[in-house]
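Structure assessment
Listed below are the residues making up each chain.
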Amino acid sequence: MSDYETLLIERHDAVTLVRLNRPQALNALNAQVLTDLIAAFAAYDADPEQRCLVLTGSEKAFAAGADIKEMQPNGFSHNYATNFFAGWEQVTATRKPWIAAVAGFALGGGCELAMMADFILAADTAKFGQPEIKLGVAPGMGGSQRLTRAVGKAKAMEMCLTGRMMGADEAERASLVARIVPAADLIEEALKSAAAIAAMAPLAAIANKEMVNAAFETGLAMGIVFERRLFAGLTATEDKTEGMTAFVEKRPGVWSGR
Ligand code: CAA
């Protein structure tokens, strides 16, 4: 039972597990998937009981890209007028942490969606690629920018220009993914990571995410100023008092989220 046409949602205590569910199209990302993901991520962000989210696909495909059949009739006027793909910014606006758990194909928009996550946990079957050039186009959901920042110019350029896929081992060596796990353990491992994050003080989780993301948007000196300010801000929270008191008293912290 799900409120969403293209997603399956499970709650695992404080962790939301979202499965892309268009198996007939290898989870290709059509307009309905975007609508559903925006709603699911907004619901997660707004729910104080939910502290981390895992987004996954199927064993065969995380997502095989934007939906080519849906895009086929659309030309420049449509795509420019509708600011096509801009809606994905609402997914990247999620303030609380989320993980992409990737098995099988993560191609085009699928790779780009995975790269929107705070980090990627990859099954040993994962294959990443930006094959849009083979369709006569180029990435449109941030791939040319996020892939280049993740793996550097040489690999990003080669992947975009040739459309070649990168396997899980290479993706880990290139720092595209945080960790590789056996495919059979992917969901369990992702939920374990997410549960660890969910057990942290909620405001600290948001602040840690904001700081690391700031490293992509600012120079080093301004990034460090941002970090220091946010660190100082966290010291005004009840959870800072609780966290440090709990350490001194040799007990786990009990977070209020304030
Ligand atoms: N859009 C729409 N449908 C897709 C799709 C996509 N991106 N990828 C796969 N499908 C559909 C196929 O058309 C097929 O449907 P039918 O049975 O109705 O024909 C079904 O999913 C199963 O796919 P295949 O039979 O092709 O499966 P395969 O195992 O032989 O191949 C694959 C798997 C290599 C991933 C192949 O499906 C493929 O190359 N897919 C397209 C990958 C791609 O080009 N992605 C980039 C899309 S453009 C984009 O994402 C733009 C952007 O920057 C946002």
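Residues numbered from 1 in each chain as written. Predicted model: local features only at pLDDT ≥ 70, side-chain atom pairs only at ≥ 80, totals over all residues. Heavy atoms only, no water.

Applicable threshold: UniProt positions are given in the numbering used here, feature names are shortened, and annotations may be inferred rather than shown by experiment.
The name that an unreviewed UniProt entry assigns to the protein is Enoyl-CoA hydratase-related protein, with the source organism given as Sphingomonas natans. Regarding the protein, the relevant UniProt record gives this comment under Sequence similarities (unreviewed entry): "Belongs to the enoyl-CoA hydratase/isomerase family."

1. Topic: the overall build of the protein
Inclusion rule: Put simply, DSSP H or I for four residues or longer makes a helix, DSSP E for two residues or longer makes a strand, and each gets a number counted from the N terminus. For the radius of gyration, the atoms used are the C-alpha atoms, and the globule rule reads 2.2 Å times the number of residues raised to 0.38. Think of it in three bands: with a 1.4 Å probe and only protein chains considered, a residue is buried below 20% of the maximum accessible area for its type, exposed above 50%, and partly exposed in between. Contacts are residue-level and defined by heavy atoms, with any inter-residue pair within 4.5 Å sufficient.
Within the protein, the secondary structure is distributed over 12 helices and 10 strands. In terms of overall size, the protein behaves like a compact globule, its C-alpha atoms giving a radius of gyration of 19 Å where 258 residues would be expected to give roughly 18 Å. Dimensions along the principal axes, computed over C-alpha positions, put the protein at roughly 60 × 45 × 40 Å. With 258 residues in all, the protein has 41% of them scored as buried. For the protein, restricting intrachain contacts to residue pairs at least 6 apart in sequence, the fraction spanning at least 24 positions comes to 65%.

2. Comments concerning the nonpolar core
The condition is simple: To define a nonpolar core, start from buried Ala, Val, Leu, Ile, Met, Phe, Trp, Tyr and Cys residues and group those joined through side-chain atoms within 4.5 Å.
Core analysis: the largest hydrophobic core is formed by 58 residues, its most contacted members being Leu37, Leu55, Phe62, Val91, Leu113, Phe128 and Leu176. The greatest single-element share of this core, amounting to 7 residues, is contributed by helix 1 (residues 31–46).

3. Looking at the environment of Gly143
Among the secondary structure elements, Gly143 is positioned in helix 6 (residues 143–151). Given the relative accessible area of 0%, Gly143 is considered buried. Considered as a pair, Gly143 and Leu17 are 126 residues apart in the sequence and their alpha carbons are 24 Å apart. Gly143 has contacts with Glu112, Met115, Gln130 and Thr148, leaving out every residue within four places of it along the chain.

4. Here's the deal with the pairing of strand 3 (residues 52–56)
Walk down a regular strand and you will see the side chains alternate between the two sheet faces. Note the cut-off: Paired strands are those between which DSSP finds at least two bridges. We call a crossover right-handed when, viewed with the strands running away from us, the connection from the first strand over the helix to the second turns clockwise.
In terms of burial, strand 3 is a largely internal element, 5 of the 5 residues being buried. Going residue by residue along strand 3, you find Cys52, Val54 and Thr56 tucked away on one face and Leu53 and Leu55 tucked away on the opposite face as well. As defined by bridge partners, strand 2 (residues 15–20) adjoins strand 3 across 5 bridges and the pair is classed as parallel. Across the sheet, the residue bridging to Val15 is Cys52, located in strand 3. Between the parallel elements strand 2 and strand 3, the chain passes through helix 1 in a crossover that is right-handed. Alignment of strand 3 against strand 5 (residues 98–102), held across 4 bridges, turns out to be parallel. What sits directly across from Thr56, in strand 5, is Ala101.

5. Remarks on the site of the ligand
We apply this condition: Near residues are defined by distance, with any heavy atom within 4 Å of the molecule or strand qualifying the residue. We define a polar contact as two N or O atoms separated by no more than 3.5 Å, with the added condition that, inside protein, one atom must be a possible hydrogen donor and the other a possible acceptor, whereas residues neighbouring each other in sequence contribute only through side-chain atom pairs. To measure how exposed things are, a 1.4 Å probe is used in the Shrake-Rupley method; for residues, cover is taken only from the protein chains shown.
Around the ligand sit 25 residues, and of these Lys60, Ala66, Gly109, Glu132 and Gly140 come closest. One of the backbone nitrogen or oxygen atoms of Gln24 is found 3.5 Å away from an oxygen atom of the ligand. Gly109 is positioned such that a nitrogen or oxygen atom in its backbone is 2.8 Å from an oxygen atom of the ligand. Within the complex, 65% of the 990 Å² of free accessible area of the ligand lies under protein.

6. Here we look at the packing of helix 5 (residues 109–116) against helix 6
The line we're drawing: Fitting a line to C-alpha atoms yields each axis, with helices limited to the stretch in contact; the angle taken between N-to-C directions then spans 0 to 180 degrees. For classification purposes, angles smaller than 35 degrees are called roughly parallel, those larger than 145 roughly antiparallel, those between 65 and 115 roughly perpendicular, and all remaining angles oblique. Whether a crossing is left-handed or right-handed is set by the direction in which the near helix is turned from the far one by less than a right angle, anticlockwise for left-handed and clockwise for right-handed. Three classes are used: nonpolar for Ala, Val, Leu, Ile, Met, Phe, Trp, Tyr, Cys and Pro, charged for Asp, Glu, Lys and Arg, and polar for all others, with Gly counted as polar.
Axis separation between helix 5 and helix 6 bottoms out at 10 Å; the angle between their running directions is 55°. When the interaxial angle is binned, helix 5 and helix 6 end up oblique. Two packed elements cross with a definite hand, and for helix 5 against helix 6 that hand is left-handed. Residues Glu112, Met115 and Met116 of helix 5 form the contact with helix 6, whose participating residues are Gly143, Arg146 and Leu147. Of the residues contributing to the contact of helix 5 with helix 6, the split by class is 3 nonpolar, 1 polar and 2 charged.

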